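Residue-level structural notes
Here is what each chain is made of, one letter per residue.
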Amino acid sequence: MIDLVPEWEPEWATVQFVLFMLAPLFWAGWRRLPEAKLPVNKSPAKPSQPPNVLSYIANHPQACWIAGLIGCCWLAIAVTDMWARTGPLAGLPPAYHDEYSYRFEARLIADGQWTIPSPPVMPDLFNQMHVLNEGRMASRYYPGTAFWLALFERLGDIHRGPLVAQILITMLAFAIGFQLGGQRCGWMAGGMAAVSPGLVIFCQLLLSHHPTLVGLSLFLVSIIPLIKYFSAIKPSIETSPATWKLYTVASLSTTGLAFAMICRPATAFAIGLSFGAYLVWKLIRPGLTLSSKTKLIAALGWPLIVGWIIMLAYNSSVTGSIWQSPYQLYTEVYTPRHIFGFDNVVRGSQSASPKILAAYDRWATNLTPALAVQNVFTRLLGSWIWSFDPLVMLITAIGSLWLAYRQLIWRLLLLSIVALHAIHFPYWYAGIMGWHYVFESSLLWILLFSGLATSLMNAWTITGRPLATRWLLAVLFIAVIAAHLPAPLGGDSKPGAPTEGRFGRALASLRYPMLQFAQFKSWLQTAPIERPALLLFPSEQANFQLDFVDNHPRSLAAPEAPLLRARYDNTLHTLEQISTSFPNYNIYLLDPLTPRIIKSLPRKLAPISK
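So, the environment of Val-131
- Inspection of the secondary structure puts Val-131 in strand S2 (residues 131-133).
- Overall, the relative accessible area of 1% leaves Val-131 in the buried class.
- Here the alpha-carbon distance between Val-131 and Phe-104, two residues 27 residues apart in the chain, equals 8.0 Å.
- Among residues more than four places away in sequence, those in contact with Val-131 are Ser-101, Phe-104, Met-137, Ala-138, Ser-139, Arg-140 and Tyr-330.

As for the sheet that holds strand S6 (residues 586-591)
- Spatial strand order, S5-S4-S6-S7: four strands in an open sheet with mixed pairing. The open sheet is flanked by strand S5 (563-568) and strand S7 (596-601), the only strands paired with a single partner. Each strand of the sheet is rotated relative to its neighbour by a mean of 25 degrees, with strand direction disregarded.
- One ladder, built from six bridges, connects strand S4 (residues 533-538) with S5; its direction is parallel. Pairing of Pro-538 across the sheet is with Tyr-568, part of S5.
- Together, S4, S5, S6 and S7 form the strand contacts of helix H21 (residues 502-526), whose direction differs from that of S5 by roughly 125 degrees.

Quick look at the pairing of strand S3 (residues 136-139)
- As judged from the two bridges shared by strand S1 (residues 116-117) and S3, these two strands associate in the antiparallel manner. The residue bridging Ile-116 from the neighbouring strand is Met-137, located in S3.
- Direction of pairing for S2 relative to S3: antiparallel, over a ladder of three bridges. For Leu-132, the partnering residue across the bridge sits in S3 and is Ala-138.
- Connecting the antiparallel pair S2 and S3 is a turn made up of two residues, with Gly-135 showing a positive phi of about 90 degrees.

Looking at the side chain of Asn-586
- Position of Asn-586 relative to the elements: it lies in strand S6.
- For Asn-586, a relative accessible area of 5% puts it in the buried group.
- A polar side-chain atom of Asn-586 sits 3.0 Å from the main-chain carbonyl oxygen of Glu-530.
- Beyond its immediate chain neighbours, meaning those up to four positions away, Asn-586 contacts Glu-530, Arg-531, Pro-532, Ala-533, Leu-534, Leu-601, Pro-602 and Arg-603.

Reading the values: rules and limits
- Residues numbered from 1 in each chain as written.
- Predicted model: local features only at pLDDT ≥ 70, side-chain atom pairs only at ≥ 80, totals over all residues.
- Heavy atoms only, no water.
- Helix = DSSP H or I, 4+ residues; strand = E, 2+ residues; numbered from the N terminus.
- Buried < 20%, exposed > 50% of the residue type's maximum accessible area, 1.4 Å probe, protein only.
- Contact = heavy atoms within 4.5 Å.
- Pairing = 2+ DSSP bridges.
- Axes fitted to C-alpha atoms, helices over the stretch in contact; angles between N-to-C directions.
- Polar contact = N/O pair within 3.5 Å; in protein donor to acceptor, adjacent residues only side chain to side chain.

Pasting the structure below:
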């Protein structure tokens, strides 16, 4: 498991440094001033030219939209399929506890249910990481991600879910960029999203971030025209929405936000906060008729109401209360030190819950103001490293202040990033790879850079500075290869130093736990284990991040599944007690990390002869 891979290869950093030092020369170098226009009667005759597809696309916005969407789609497919089929993670099982929890819930939803009853006999044996097991079994997480993955579970390949999400995000990034700064901004945003190292890595994991980002991308692409419409309304003029299309766009925006909300509520709230505050401010001011305001509020509100109904219904079905989420109940029962807020370890240590997962619970660090500030910087650096490139994003952070000063929409995007960091400020863990709590800011950073780069290149085109534009494109090119490829001279010369690039090192770190699960699965297929079997794994093992209790919901609901996995705690049950309670099963106590059979007990009931 990895927290942050902050390495910035010295060789690539040197190339970038030299390129930035040469920036003044590119900017002040050869200038091509716009040619003076000749009078019409003196202009030379030009031979007729065959139609040019690229010029046609450039001069027709609708054609540009279609070409951009198709181009970004194929680029995303090429990148994601390359890693999914031939990359180092191809064919390997999930790595994180969260992935197994999402998969558990997706399998439930694919079978048409949200929960299943806890096993009637010794239910605590089947405690699965991040799965609630208090009378009903269900994922601790919100149901939006499971809805998304369940579709692909039904289609036979659940791992296609995040890959398809990445393709949609890339296409929507183009559409958002096009709305913000035209075709150049759109193509840049879509292309950067397709090759972003963090997005490409996470689209191979069964996590909530890609489905959430699909919803937020739909929200952004729909809310931008709405913001533009409202910003054009003068308080002194009574006006009405032009057509029904405005109401449709309003509903689409909050539909995307509502879907993101049932995936990651805090993230959806943070990113939607600045836009929502602006719309509320505009609605309470004069400028629209009361009828228009009522219709717009209804169009904006109904998707959010539906989203809340889904959330509350899920809470009720799992915890028995609409006001308590499975996430809250799981934390209270199993990991009290992981609670939100400062002094989490101090407060969690006072819990009297008898079901605490001791090793996992002790992993938490006590949150102090100093640690919270450190986590903010870690998440910010992580988001820059994995969104695209740390140096490029540092320049973006500085330049975005200029963008925000010039135009409202950039201010709202920048405030969304600030709100996303602020809402996770009182949490002790920095995040997977140092940034997963602010993962969704990656698209916002890409949009900010695309807008900044487009503004600069447009200005350089007007002033006749083509070398400056080429310099900026070279910066982008170096950033891409520095993220994905090893340093040209093999990286650090120290013995044992890694020679992979930043992207490769991250994949290698993810591959390690995946290989542990894959090796155990392979061993299990040839091990001398007679089915039906109940496999017991020690509750306290050397690496608590690797948990092998992973049962299909159908197996837990079946009267007698051929294979069940369980968590063995010798302070709660003896092997003999378990064998007596499960007389139809052969009992095996395993060490999954070796792997080997520690002890076995034959089943109490003799097999039925046929």
